[in-house]
Amino acid sequence: MILVAIASELEYRQLPSFEDDTVHSAVVGVGKAASAAATTRLIQELSPKLVVSAGIGGYLGLRLRIGDIAVVVDDFLADEGVYGPGGFFHFDTLGFMQCRWQTSLSTAGIPLPVEPFRVEFCRGATVSSTTGCQDLARKRYGDWDGGVCESMEGAAIAQACAAAGVPWIGVRAISNYLEDRDMSRWDIPIAMESLGSYLPQCLAFFQASQCR
Ligand SMILES: O=C(O)c1cccc(C(=O)CC[C@H]2O[C@@H](n3cnc4c(=O)[nH]cnc43)[C@H](O)[C@@H]2O)c1
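Analysis parameters
Residues numbered from 1 in each chain as written. Predicted model: local features only at pLDDT ≥ 70, side-chain atom pairs only at ≥ 80, totals over all residues. Heavy atoms only, no water. UniProt positions renumbered as here; feature names shortened; annotations may be inferred. Core = buried A, V, L, I, M, F, W, Y, C linked by side-chain atoms within 4.5 Å. Buried < 20%, exposed > 50% of the residue type's maximum accessible area, 1.4 Å probe, protein only. Contact = heavy atoms within 4.5 Å. Helix = DSSP H or I, 4+ residues; strand = E, 2+ residues; numbered from the N terminus. Polar contact = N/O pair within 3.5 Å; in protein donor to acceptor, adjacent residues only side chain to side chain. Pairing = 2+ DSSP bridges. Arc of directions from axis to C-beta. Salt bridge = Lys/Arg side-chain N within 4 Å of Asp/Glu carboxyl O. Near = heavy atom within 4 Å. Areas by Shrake-Rupley, 256 points an atom, 1.4 Å probe, with all protein chains shown as cover. Nonpolar A, V, L, I, M, F, W, Y, C, P; charged D, E, K, R; others polar.

The protein goes by Futalosine hydrolase in an unreviewed UniProt entry, where it is assigned to Desulfurispira natronophila. According to its UniProt record, the protein has this under Pathway (unreviewed entry): "Quinol/quinone metabolism; menaquinone biosynthesis." Reading the Sequence similarities (unreviewed entry) entry of the UniProt record for the protein gives the comment "Belongs to the PNP/UDP phosphorylase family. Futalosine hydrolase subfamily."

### Some remarks on the nonpolar core
For soluble globular proteins, nonpolar side chains are generally found buried alongside one another. V51, A70, Y141, C161 and I174 are the most contacted members of the largest nonpolar core, which totals 35 residues. Those residues in contact with Y141 that lie beyond four places of it in its chain are L60, A78, A125, V127, T131, V148, E150 and L178. Among the nonpolar cores identified, the runner-up in size contains 27 residues, and V4, F18, V171 and Y198 belong to it.

### Let's talk about the environment of Y177
Along the polypeptide, Y177 turns up in strand β10 (residues 168-177). Note on Y177: relative accessible area 25%, which makes it partly exposed. A C-alpha to C-alpha distance of 5.1 Å links Y177 and G58, two positions 119 residues apart in sequence. Discounting residues that sit within four places of it in the chain, Y177 has contacts with Y59, L64, R65, I66 and R185. Here the side chain of Y177 touches I66 through a polar contact of 3.2 Å, landing on its backbone nitrogen.

### What about the pairing of strand β9 (residues 148-151)?
Two faces make up the sheet, and in a regular strand the side chains alternate between them. Residues V148 and E150 point to one face of β9 and C149 and S151 to the other, with burial holding for every one of them. Pairing analysis gives three bridges linking strand β3 (residues 50-60) to β9, with the strands arranged antiparallel. Residue pairing for β9: G58 is matched across the bridge by E150. Here strand β8 (residues 119-126) pairs with β9 via four bridges, running parallel.

### A word on helix α4 (residues 134-141)
Of all the residues in α4, the buried ones are A137, R140 and Y141. All buried residues of α4 fall inside an arc of 70 degrees around its axis, so they share one side. Exposed residues lying more than 90 degrees from the buried face of α4 are D135, R138 and K139. If you follow the buried residues of α4, they end up packed against β3, β8 and β9.

### Section: the pattern of salt bridges
Per the stated rule, a full pass over the model turns up 11 salt bridges. Between E45 and R41 there is a salt bridge whose closest N-O contact spans 3.3 Å. Separated by four residues within a single helix, E45 and R41 lie in helix α2 (residues 32-46), roughly one turn from each other. According to the relative accessible area criterion, R41 is partly exposed, its value standing at 41%. Here D79 makes a salt bridge to R140, at a shortest N to O gap of 3.8 Å. Of this pair, D79 sits in the loop between β4 (69-77) and β5 (81-84) while R140 sits in helix α4, and the two are 61 residues apart along the sequence.

### Describing the site of the ligand
Lining the immediate surroundings of the ligand are 17 residues, of which E150, M152, E153, N176 and R181 lie closest. Side-chain polar atom of E153 to an oxygen atom of the ligand: 2.6 Å apart, as the coordinates give it. Take R181: an N or O atom from its side chain is 2.6 Å from an oxygen atom of the ligand. Alone, the ligand offers 590 Å² of accessible surface; in the complex the protein occludes 77% of this. Listing elements by their share of the shell around the ligand, those giving two or more residues are β3, β9 and β10. A class-by-class count of the residues in the shell around the ligand yields seven nonpolar, six polar and four charged.

Shown next as structure tokens:
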């Protein structure tokens, strides 16, 4: 069985129902704590073979536009650390805790979304506060190769999966860019429409190939 973990009711309600005896979808809550706790409980209850962390996300990069799909294969707790007079010191560099998780799944053959939408297999960044400033986005992700899909749950769900030994992958439709916050440039309905058409194809692929 595949568990589709969706952060908010808002996202859940806008997705078509793809529930059957091989797929279970659930709202796990917005943010790291809620999503990790709910994912842990659902893994204990349902023993899924795969967790798909699905929803909307922000993007910094060159390839994707609003409504395109980021398949997240590696996710990072991007704002865990210490602020001091010298700036922000990330726990990844201080060596205090594990901050990154990589999927164990092969992405070979994952279907492409329906035109005009596109897909990028990219890195995820998970934050407690959305990066709504261009300068902060550049500071946080400017030296990363390739695109970055930011969410508030991805790495927490990956951490819960890793602790339970369950494979995970992220599938996020881009609702906004990581730029100076301007809600008029966000498009959650287009992102959800794109996710709603892509997710069933993607789930069918995982059911057939890797997660029977
Ligand atoms: O700034 C606002 O007024 C505002 C209004 C509605 C929603 C938001 C969010 O930040 C949504 C967070 C929610 O969606 C995911 N998400 C979408 N885009 C991003 C992003 O750029 N950075 C981080 N998370 C994002 C996230 O996973 C949450 O579940 C703001």
